[in-house]
Amino acid sequence: MKKVLVVDDSLSVTRQLEKIINDSGDFVCVGHAKNGAEAIKMNHSEDPDIICMDMNMPGMDGLTALRSLVMLDKAVQVVMVTSLGGVGDKFTEAIKLGAKNVRLFSRICG
């Protein structure tokens, strides 16, 4: 099974994503980081196959973390997610930085 690290400051979103990931049968959630700085540390300690990361978080946001992750590991696999609209420029920047996919969730948790 592929290991996934979830990075989001919202505990309710994180729990929903973890459930979706773990129920898939193909993936297992190996951890949760609350911001980009924690994601960088956990990428090293947990060695996930995929990082599912929110774009907007306090402290270090997803784009800043993505820049650092790509510099540290060119093969890192990151899927950026957000529940906020109006972030088209950030989507483009994330893809240019190396994100493998970008998804907009209108609201995962009702």
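Residues numbered from 1 in each chain as written. Predicted model: local features only at pLDDT ≥ 70, side-chain atom pairs only at ≥ 80, totals over all residues. Heavy atoms only, no water.

Under an unreviewed UniProt entry, the name given to the protein is Two-component system, chemotaxis family, response regulator CheY, and the source organism is Trichlorobacter thiogenes.

Student: With reference to specific residues and values, describe the nonpolar core.
Tutor: Counting residues in hydrophobic clusters, the biggest one holds 18 residues, and the most contacted among them are Val7, Ile51, Met53, Leu69, Val78 and Met80. Residue assignment for this core shows that the elements contributing at least two residues are strand 1 (2-7), helix 2 (36-46), strand 3 (50-54), helix 3 (62-72) and strand 4 (78-82). With 5 residues, the top contributor of residues to this core is helix 3. Counting residues in hydrophobic clusters, the runner-up holds 8 residues, among them Val4, Ile21, Cys29 and Val81. (Core = buried A, V, L, I, M, F, W, Y, C linked by side-chain atoms within 4.5 Å. Buried < 20%, exposed > 50% of the residue type's maximum accessible area, 1.4 Å probe, protein only. Helix = DSSP H or I, 4+ residues; strand = E, 2+ residues; numbered from the N terminus.)

Student: Describe helix 3, with residues and values.
Tutor: Within helix 3, the full set of buried residues consists of Gly62, Leu63, Ala65, Leu66, Leu69 and Val70. Axial view of helix 3: buried residues confined to an arc of 155°, hence all on one face. Those residues of helix 3 that are exposed and angled more than 90 degrees off the buried face are Met71 and Leu72. (Arc of directions from axis to C-beta.)

Student: Explain the side chain of Asn35 residue by residue, including any values.
Tutor: Note on placement: Asn35 falls in the loop between strand 2 (27-33) and helix 2. With relative accessibility at 18%, the residue Asn35 sits in the buried group. Among the polar contacts made by the side chain of Asn35, one reaches the main-chain amide nitrogen of Ala37 at a distance of 3.0 Å. Among residues more than four places away in sequence, those in contact with Asn35 are Val7, Met57, Pro58 and Met60. (Polar contact = N/O pair within 3.5 Å; in protein donor to acceptor, adjacent residues only side chain to side chain. Contact = heavy atoms within 4.5 Å.)

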